[in-house]
Structure formats: structure tokens, C-alpha cells
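# Understanding the architecture of this molecule
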Amino acid sequence: QVQLVESGGGLVQAGESLRLSCAASGRTFSSYGMAWFRQAPGKEREFVAAISWSGGFTAYADSVKGRFTISRDNAKNTVYLQMNSLTLEDTAVYYCAGSAGGPKNMARLRRLNEYDIWGQGTQVTVSS
């Protein structure tokens, strides 16, 4: 069973950057589709970005497209989320998630219910 631990959150000013990391344990990490979701206070958890098991395909929410980049290093069992040009609306708890069950298309990897494994979350706060 894969376990996920996020890191890299913090407090930044609008316009600055952060890089989140998600370290996975377990031998089957490279077979998992991976994603980042986020949840702001009083709001539902929402999709941010996803990456296929090979890293060859990615998908982004419209709200972060062009500012955020998801990547993975299967040799290091790690997924990253590079976040640039952060805005106040990016403030949330960011969760790393893993989807087992073989290759899935990117449309499926946008869906919260496709994910079996979740990290504990890392807080990102953007101030003005």
C-alpha cells in the first residue's frame, strides 16, 4: 500500500512561488496516477492538477493553468507541484492523491472519486 506525505507549504505573498512535494512509500508508486487537490475554508475539495503514471500526460484546472506545473520523479517516488504567481485565491490546504487500478485517461484523473490514497495535506497561505 502506498502512503503519501506532503511538504513545502507555507505563507507567501501574492505573486511569489512555492513548490510542494509529495513523497510516496511503497513499491507500486510508479503505477499510480497522481494528482493535487485543494480545499479552502468553507469550500469543497477541488481538483488542481494530475499526472499520468509515466509523467507523459498532465491536466490542470483552468484556475491554475499557466501558473502551476505538476511533475513526478518515479525514481524518487515523488510528485511535485510548482506554483508560480500565487494569488489570494490559491490559499487552501493542498492534498496529494494517488489513483491505483492501472492506467487511466486524464478525464478520469480529474475526478476526486478516482483516488484511493490521500496525504494529510499541507497548508498554503497567500497574503496581500
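Residues numbered from 1 in each chain as written. Predicted model: local features only at pLDDT ≥ 70, side-chain atom pairs only at ≥ 80, totals over all residues. Heavy atoms only, no water.

## A few points about the overall build of the protein
Summing up its helical and strand segments, the protein has 0 helices and 11 strands in all. The C-alpha radius of gyration of the protein comes to 13 Å, within 12% of the 14 Å expected for a compact globule of 128 residues. Judged by the C-alpha coordinates and their principal axes, the protein covers about 40 × 25 × 25 Å. For the protein, with 128 residues in total, the buried portion stands at 45%. Across the protein, every contact between residues at least 6 apart in sequence was considered, and the portion connecting residues at least 24 apart equals 61%. Approximately 6,400 Å² of the protein is accessible, and the part contributed by carbon and sulfur atoms is 48%. Seen as two clouds, the 13 positive and the 10 negative side-chain charges of the protein have centres 6 Å apart. (Helix = DSSP H or I, 4+ residues; strand = E, 2+ residues; numbered from the N terminus. Rg over C-alpha atoms; globule rule 2.2 N^0.38 Å. Buried < 20%, exposed > 50% of the residue type's maximum accessible area, 1.4 Å probe, protein only. Contact = heavy atoms within 4.5 Å. Areas by Shrake-Rupley, 256 points an atom, 1.4 Å probe, with all protein chains shown as cover. Lys, Arg positive; Asp, Glu negative; His and termini not counted. Charge placed at Lys NZ, Arg CZ, Asp CG, Glu CD.)

## Thoughts on the sheet that holds strand β1 (residues 3–7)
Within the open sheet, the 4 strands sit side by side as β1-β3-β8-β7. Their pairing is antiparallel. At either margin of the open sheet sits one strand with a lone partner, and together these are β1 and β7 (68–73). Neighbour to neighbour, the strand axes of the sheet diverge by 15 degrees on average, direction disregarded. Here 5 bridges tie β1 to strand β3 (residues 18–25), and the two strands are oriented antiparallel to one another. Within the sheet, the bridge partner assigned to Leu4 lies in β3 and is Ala24. (Pairing = 2+ DSSP bridges. Axes fitted to C-alpha atoms, helices over the stretch in contact; angles between N-to-C directions.)

## Some points on the side chain of Lys104
Along the chain, Lys104 falls in the loop between β9 (92–99) and β10 (117–118). Residue Lys104 is classed as buried on the basis of its relative accessible area, which comes to 17%. Within polar-contact distance, the side chain of Lys104 engages the backbone oxygen of Ala100 at 3.0 Å. Excluding residues that lie within four positions of it along the chain, Lys104 makes contacts with Ser99, Leu109 and Glu114. (Polar contact = N/O pair within 3.5 Å; in protein donor to acceptor, adjacent residues only side chain to side chain.)

## Observations concerning the pattern of salt bridges
Across all of its chains, the model carries 6 salt bridges by this definition. A salt bridge links Asp90 to Arg38, with the nearest nitrogen and oxygen atoms 2.9 Å apart. Taken together, the residues Asp90 in the loop between β8 (78–83) and β9 and Arg38 in strand β4 (residues 33–39) connect sequence positions 52 residues apart. Arg38 sits in the buried class, given a relative accessible area of 5%. Of the charged contacts, one joins Arg108 and Glu114 as a salt bridge, the two residues approaching to 3.1 Å between their closest N and O atoms. Each of Arg38, Glu46, Arg67 and Asp90 takes part in a single network of salt bridges with overlapping partners. (Salt bridge = Lys/Arg side-chain N within 4 Å of Asp/Glu carboxyl O.)

## Focus on the pairing of β4
Of all 7 residues making up β4, 6 are buried, and the element is well covered by its neighbours. Of the strand pairs in this sheet, β4 and β9 are connected by 7 bridges, and their pairing is antiparallel. Within the sheet, the bridge partner assigned to Trp36 lies in β9 and is Cys96. Looking at chain direction, β4 and strand β5 (residues 46–51) are connected through 5 bridges and run antiparallel.

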